[in-house]
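Chain by chain, the residues:
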Amino acid sequence: MRLDGEVVVVTGGARGIGLGIAEACADAGAAVAVADVDGDAAREAAAALAARGGPAAGLACDVTRAADVQRAVAEVARRLGRISGLVNNAGILLEGRAGDLGEDDWNRVLAVNLTGPWLCTRAALPQLADGGGAIVNVASIAGLAAQVNHVAYSVSKAGLLNLTRTVAVEYGRSGVRCNAVCPGTIDTELSRRYLAGFDDPDAMRAALVERAFVGRLGTPGDIGQAAVFLLSGASGFVNGAALVVDGGRTARLA
Ligand code: NDP
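These numbers come from a predicted model, not from an experiment. (Residues numbered from 1 in each chain as written. Predicted model: local features only at pLDDT ≥ 70, side-chain atom pairs only at ≥ 80, totals over all residues. Heavy atoms only, no water.)

### Comments concerning the pairing of strand β3 (residues 56–60)
And step 1. Pairing of strand β2 (residues 31–36) with β3 involves 5 bridges; the strand directions are parallel. Considered in β3, the bridge of V32 is made with A56.
And step 2. Handedness of the crossover is the feature at issue here: the chain leaves β2, passes through helix α2 (residues 39–51), returns alongside β3, and the resulting connection is right-handed. (Pairing = 2+ DSSP bridges. Helix = DSSP H or I, 4+ residues; strand = E, 2+ residues; numbered from the N terminus. Right-handed = clockwise from strand over helix to strand, strands pointing away.)

### Brief notes about the packing of aromatic side chains
And step 1. Counted by the stated rule, this structure contains 1 aromatic pair.
And step 2. With a centroid separation of 5.2 Å and an interplanar angle of 85°, the aromatic rings of Y194 and F198 are classed as edge-to-face. (Phe/Tyr/Trp six-rings, centres within 6.5 Å; stacked < 30°, edge-to-face > 60°.)

### Thoughts on the packing of helix α4 (residues 103–129) against helix α5 (residues 151–171)
And step 1. Between α4 and α5, whose axes approach to 8 Å, the crossing angle comes to 15°. The angle between α4 and α5 places the two elements in the roughly parallel class. As α4 runs across α5, the sense of the crossing is right-handed. Within the contact between the two elements, α4 uses W106, V109, L110, N113, L114, P117, W118, T121 and L125 and α5 uses V151, A152, Y153, V155, S156, K157, G159, L160, L163, V167 and Y171.
And step 2. Of the residues in the contact of α4 with α5, the class split is 15 nonpolar, 4 polar and 1 charged. (Axes fitted to C-alpha atoms, helices over the stretch in contact; angles between N-to-C directions. Parallel < 35°, antiparallel > 145°, perpendicular 65-115°, else oblique. Left-handed = near helix turned anticlockwise from the far one by under 90°. Contact = heavy atoms within 4.5 Å. Nonpolar A, V, L, I, M, F, W, Y, C, P; charged D, E, K, R; others polar.)

### Considering empty space enclosed by the protein
And step 1. Counted under the stated rule, the structure contains 1 cavity of 30 Å³ or more.
And step 2. If you add up the space inside the largest cavity, you get close to 90 Å³.
And step 3. Lining the largest cavity we find V9, T11, A35, C61, V69, A72, V73, V76, I83, L86, C120 and A124.
And step 4. Elements represented by at least two residues in the lining of the largest cavity include exactly β1 (7–11), α3 (66–80) and α4.
And step 5. In terms of residue class, the lining of the largest cavity is made up of 11 nonpolar, 1 polar and no charged. (1 Å grid on protein atoms, 1.4 Å probe; cavity = no way out; pocket = protein on both sides within 12 Å on 5 of 7 lines; lining within 4 Å. Points joined across faces, edges and corners; volume = space filled by probe spheres on them.)

### Let's talk about the site of the ligand
And step 1. Close to the ligand lie 29 residues, the nearest being R15, D36, N89, Y153 and T188.
And step 2. Between the ligand and R15 there is a distance of 2.2 Å, counted from an oxygen atom to a side-chain nitrogen or oxygen.
And step 3. In the model, an oxygen atom of the ligand is placed 2.7 Å from a nitrogen or oxygen of the N89 main chain.
And step 4. In isolation the ligand exposes 890 Å². Once the protein is present, 90% of that is buried.
And step 5. Judged by the fraction of its atoms near the pocket grid, the ligand is located in the largest pocket.
And step 6. Among the elements of the structure, α1 (16–27), α4, α5 and α6 (189–196) are those that each provide at least two residues to the shell around the ligand.
And step 7. Of the residues in the shell around the ligand, the class split is 12 nonpolar, 9 polar and 8 charged. (Near = heavy atom within 4 Å. Polar contact = N/O pair within 3.5 Å; in protein donor to acceptor, adjacent residues only side chain to side chain. Areas by Shrake-Rupley, 256 points an atom, 1.4 Å probe, with all protein chains shown as cover. Sits in = over half its atoms within 2 Å of the grid points.)

### A look at the state of the cysteines
And step 1. Under the defined criterion, the tally for this structure stands at 0 disulfides.
And step 2. C61 takes part in no disulfide bond, and the closest cysteine sulfur to it belongs to C120, at a distance of 5.5 Å.
And step 3. Here C120 falls in the buried class, since its relative accessible area comes to 5%. (Disulfide = S-S within 2.5 Å. Buried < 20%, exposed > 50% of the residue type's maximum accessible area, 1.4 Å probe, protein only.)

### Notes on the environment of S154
And step 1. Mapped onto the elements of the fold, S154 is located in helix α5.
And step 2. When the C-alpha atoms of S154 and S140 are compared, they prove to be 8.1 Å apart, with 14 residues separating the residues in sequence.
And step 3. Those residues in contact with S154, other than ones at most four positions away along the chain, are A142, G143, A145, A146 and Q147.

### A few points about the packing of α6 against helix α7 (residues 201–212)
And step 1. Following both chains from N to C, one finds α6 and α7 inclined at 125°, their axes separated by 8 Å at the closest point. Here α6 lies oblique to α7, going by the angle between them. In contact with Y194, L195 and A196 of α6, α7 contributes P201, M204, R205 and L208.
And step 2. Its residues assigned to classes, the contact of α6 with α7 shows 6 nonpolar, no polar and 1 charged.

### What about the layout of surface pockets?
And step 1. When its volume is computed, the largest pocket comes out at roughly 940 Å³.
And step 2. In this structure, the largest pocket is lined by 42 residues; those nearest its centre are N89, G91, I92, T188 and L190.
And step 3. Those elements that provide at least two residues to the lining of the largest pocket are α1, β2, α4, α5 and α6.
And step 4. It is α6 that contributes the most residues to the lining of the largest pocket, 5 residues altogether.
And step 5. Within the lining of the largest pocket, the residues separate by chemical class into 21 nonpolar, 12 polar and 9 charged.
And step 6. Here the second largest pocket defines a volume of roughly 420 Å³.

This is the structure in structure tokens:
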């Protein structure tokens, strides 16, 4: 579970789950690049990581823009060294059902949650394959089954799971493993915004805690530990897998 000498890029790493992953990777010994659409927040996060002891870099990068992604990947190599770990974490949630979601919202969710991870994977693969590496895609339990009123989000995360499997089989022999983590509800801005949409957010939050079976919502650190496992040699025979980290929510049939 150590990442000494590794260079890990975390997209959307300025806050929430991405920040939890960046912190866990830094604590495990990796040099960490925080790539976020908010460049100032990325640089602030990187400064805080550097204060914990290891090398870190913060970069502005919109994962939906191929040129941005290429530039960020080249910059990480220049500043920290060859990329050996990529965590595709950046993601957004726009709500709506199949019958009423607008086209712009559909396109935006697919662009950030699915095209973005593919663009980052494509850009980082030459470095990852040149000496070995691992990719972790932050999917969701919403990618494993339909989530009502989340059509674009669920579809994007299901697609991300099959991108994970495809990269795993296409590049496993080149020394690149690719796995996904499927979080349940994690306490972040994204889930707080989701809860705020209910008439009684506190009651909904309590219901989600009830469904998690461990008496709490997940934390960014919970996903950070899962990501460190999937990036590290401890998971050397794990490839193309989806690791569910949801407190047991999806273990229950009804
Ligand atoms: P947050 O909204 O709290 O954080 C997401 C981060 O990604 C923000 O820093 C955001 O920047 C950044 N980001 C958004 N769009 C882009 C982009 N185009 N390029 C680069 N960075 C971008 O979300 P979470 O931490 O909750 O979620 C992280 C991941 O985990 C997502 O993929 C989400 O789908 C997944 N997930 C979350 C769950 C939860 O319960 N929270 C459950 C299951 C999965 P900015 O704020 O400036 O837009």
